[in-house]
Amino acid sequence: MGTVIDSHFLALTALVTVGYQLFFFIITALLKFDKVTDFAGSTNFIIIAVLTLLLKGTWHFRQIVLTLLVVVWGLRLALFLLMRILQWGEDRRFDEMRSNFGKLAIFWTFQAIWVWTVSLPVTVVNASDRDPSVQAEDIIGWIMWSVGASIEATADQQKLYFKNSPENRGKWCNVGFWKYSRHPNYFGEIFLWWGIFVASTPVLDGAEWLVILGPIFLTLLLLFVSGIPLLEESADKKYGNVAAYRLYKKTTSPLIPLPPVVYGNLPLWFKSTFLFELPLYLRNLPEEGPNWYRTDQRKSSDELKMG
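We now turn to the structure provided with this report. Nothing here was measured: the structure is a model prediction, and the numbers come from that model.

1. Digging into helix H9 (residues 213–225)
Then, in step 1: Among all positions in H9, only Gly214, Pro215, Leu218, Thr219, Leu221, Leu222 and Leu223 are buried.
Then, in step 2: Among the structural elements, helix H5 (101–118), helix H6 (120–127), helix H8 (184–200) and helix H10 (228–239) are those in contact with the buried residues of H9.

2. Digging into the side chain of Thr117
Then, in step 1: The topology assignment puts Thr117 in helix H5.
Then, in step 2: With a relative accessible area of 10%, Thr117 lands in the buried category.
Then, in step 3: Dropping the residues within four chain positions of it, Thr117 is found in contact with Leu213, Gly214 and Phe217.

3. Overview of the packing of aromatic side chains
Then, in step 1: In the structure shown here, the tally under the stated rule is 18 aromatic pairs.
Then, in step 2: Their ring planes at 85 degrees and their centres at 5.2 Å tell us that Trp73 and Trp193 sit as a pair that is edge-to-face. On the criterion of sequence distance, the pair formed by Trp73 in helix H4 (residues 61–88) and Trp193 in helix H8 is long-range, its members being 120 residues apart.
Then, in step 3: Both rings, one in Phe107 and one in Trp108, keep their centres 6.3 Å apart while their planes meet at 85 degrees; by these two values the pair is edge-to-face. Of the two residues, Phe107 and Trp108, neither departs from the other in class, the shared state being buried.

4. Some points on the nonpolar core
Then, in step 1: Phe45, Leu66 and Trp193 are the most contacted members of the largest nonpolar core, which has 44 residues in total.
Then, in step 2: Within the residue set of this core, elements represented by two or more residues are helix H3 (37–56), H4, H5, H6, helix H7 (136–164), H8 and H9.
Then, in step 3: The contact partners of Phe45, leaving out residues within four places of it in the chain, are Val70, Trp73, Trp114, Val115, Val118, Ser119 and Trp193.

5. So, the pattern of salt bridges
Then, in step 1: Counting across every chain of the model gives 10 salt bridges.
Then, in step 2: With a closest N to O distance of 2.7 Å, Asp129 and Lys56 form a salt bridge. Of this pair, Asp129 sits in the loop between H6 and H7 while Lys56 sits in helix H3; the two residues are 73 residues apart in sequence, bridging distant segments of the chain.
Then, in step 3: Here Asp129 falls in the exposed class, since its relative accessible area comes to 60%.
Then, in step 4: The exposure class of Lys56 is partly exposed, given its relative accessible area of 24%.
Then, in step 5: Overlapping salt bridges bring together Arg182, Glu232, Asp236, Lys249 and Glu277 as one network.

6. Describing the packing of H9 against H10
Then, in step 1: Here H9 crosses H10 at 20 degrees, and the two axes come no closer than 4 Å. Here H10 runs roughly parallel to H9, going by the angle between their axes. Where H9 abuts H10, its residues Leu222, Leu223, Phe224 and Val225 lie against Ile228, Pro229 and Leu230.
Then, in step 2: Residue composition of the contact of H9 with H10, by class: seven nonpolar, no polar and no charged.

7. Notes on the environment of Leu221
Then, in step 1: Inspection of the secondary structure assignment puts Leu221 in helix H9.
Then, in step 2: For Leu221, a relative accessible area of 7% translates into the label buried.
Then, in step 3: Sequence separation between Leu221 and Trp114 is 107 residues, and the spatial gap between their C-alpha atoms is 8.6 Å.
Then, in step 4: Excluding residues that lie within four positions of it along the chain, Leu221 makes contacts with Phe110, Trp114, Ser226 and Gly227.

8. Overview of H6
Then, in step 1: Burial analysis of H6 places eight of its eight residues in the buried class, the great majority of the element.
Then, in step 2: Of all the positions in H6, only Leu120, Pro121, Val122, Thr123, Val124, Val125, Asn126 and Ala127 are classed as buried.

9. Some points on the packing of H5 against H9
Then, in step 1: Close contact between H5 and H9 brings their axes to 7 Å; oriented N to C, the two are set at 140 degrees. Our classification of the angle between H5 and H9 gives oblique. Of the residues in H9, those in contact with Phe110, Ile113, Trp114, Thr117 and Val118 of H5 are Leu213, Gly214, Phe217, Leu218, Leu221 and Val225.
Then, in step 2: Residue composition of the contact of H5 with H9, by class: nine nonpolar, two polar and no charged.

10. Brief notes about a nonpolar patch on the surface
Then, in step 1: Taken together, the side chains of Phe110, Ile113, Leu210, Leu213, Ile216, Leu220, Phe224 and Val225 present a nonpolar region at the surface, about 690 Å² in accessible area.
Then, in step 2: Looking at the nonpolar patch, the elements that each hand over two or more residues are H5 and H9.
Then, in step 3: One can find Ile113 in helix H5.

Quick notes on the rules
- Residues numbered from 1 in each chain as written.
- Predicted model: local features only at pLDDT ≥ 70, side-chain atom pairs only at ≥ 80, totals over all residues.
- Heavy atoms only, no water.
- Buried < 20%, exposed > 50% of the residue type's maximum accessible area, 1.4 Å probe, protein only.
- Helix = DSSP H or I, 4+ residues; strand = E, 2+ residues; numbered from the N terminus.
- Contact = heavy atoms within 4.5 Å.
- Phe/Tyr/Trp six-rings, centres within 6.5 Å; stacked < 30°, edge-to-face > 60°.
- Core = buried A, V, L, I, M, F, W, Y, C linked by side-chain atoms within 4.5 Å.
- Salt bridge = Lys/Arg side-chain N within 4 Å of Asp/Glu carboxyl O.
- Axes fitted to C-alpha atoms, helices over the stretch in contact; angles between N-to-C directions.
- Parallel < 35°, antiparallel > 145°, perpendicular 65-115°, else oblique.
- Nonpolar A, V, L, I, M, F, W, Y, C, P; charged D, E, K, R; others polar.
- Patch = residues over 30% accessible without salt bridge, like charges linked within 9 Å, V, L, I, M, F, W, Y side chains within 5 Å.
- Areas by Shrake-Rupley, 256 points an atom, 1.4 Å probe, with all protein chains shown as cover.

Next up, the structure:
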């Protein structure tokens, strides 16, 4: 078992990830300095991808391409998040963690698991001896990565410009991609990592297909744990009594970009079943009677038709 794990760089990447995250955790815990948190997560992906490529040394075209995709994504995200937190100040996610060692340790442990798990497709590809010619799966995966990365990067910049404009102070972002999705950056990230998985499939064999746990883990994490739920809760508490925000929430998809006129007229059961409009995202919105959501949805539909 140990030989199998080491031959796929799984033990090595786990040790590297734990060590890297532990280093930044110690800095955060001792100095109460959380500005490096996202930077540590994003750059860890780069380290794993480059390290496994160099150690294997076969330099297959597929290995080089996937490693470059991870490096480009990681560098862009790491620099963006670092510049953003340096500009905006402390990360409000850690307001309750800075003085709570246990919660902080749990967060950093979870971040290490996130990095290692999501990196699995690239790790296994870089460790593989198989090198089939470029196939349709490769092209599809690269296209998915390109679309997802473009959406994520554009959405991040659009929100940054919006938040930095004095006239938008105290408002929620609803420009650009944010007109069509409440979390387009997360959609882009999920989509690009599923693209990396698709591009890895030509070399997968047997138990190696378990690397699908990487994009599955990322998707579940953003949908149910540390991504959308936290941001929805924060926005609902801040803007939940604003009529325009309630209209925005009723007519804007939580994840998959869709025209508001389309999404606003879909029944709630369809949104919940196919478009991730989970009850989890509605529980912090102030109620207006027992059927407030359905009543507001009918009003939103009428307003969209009139508009």
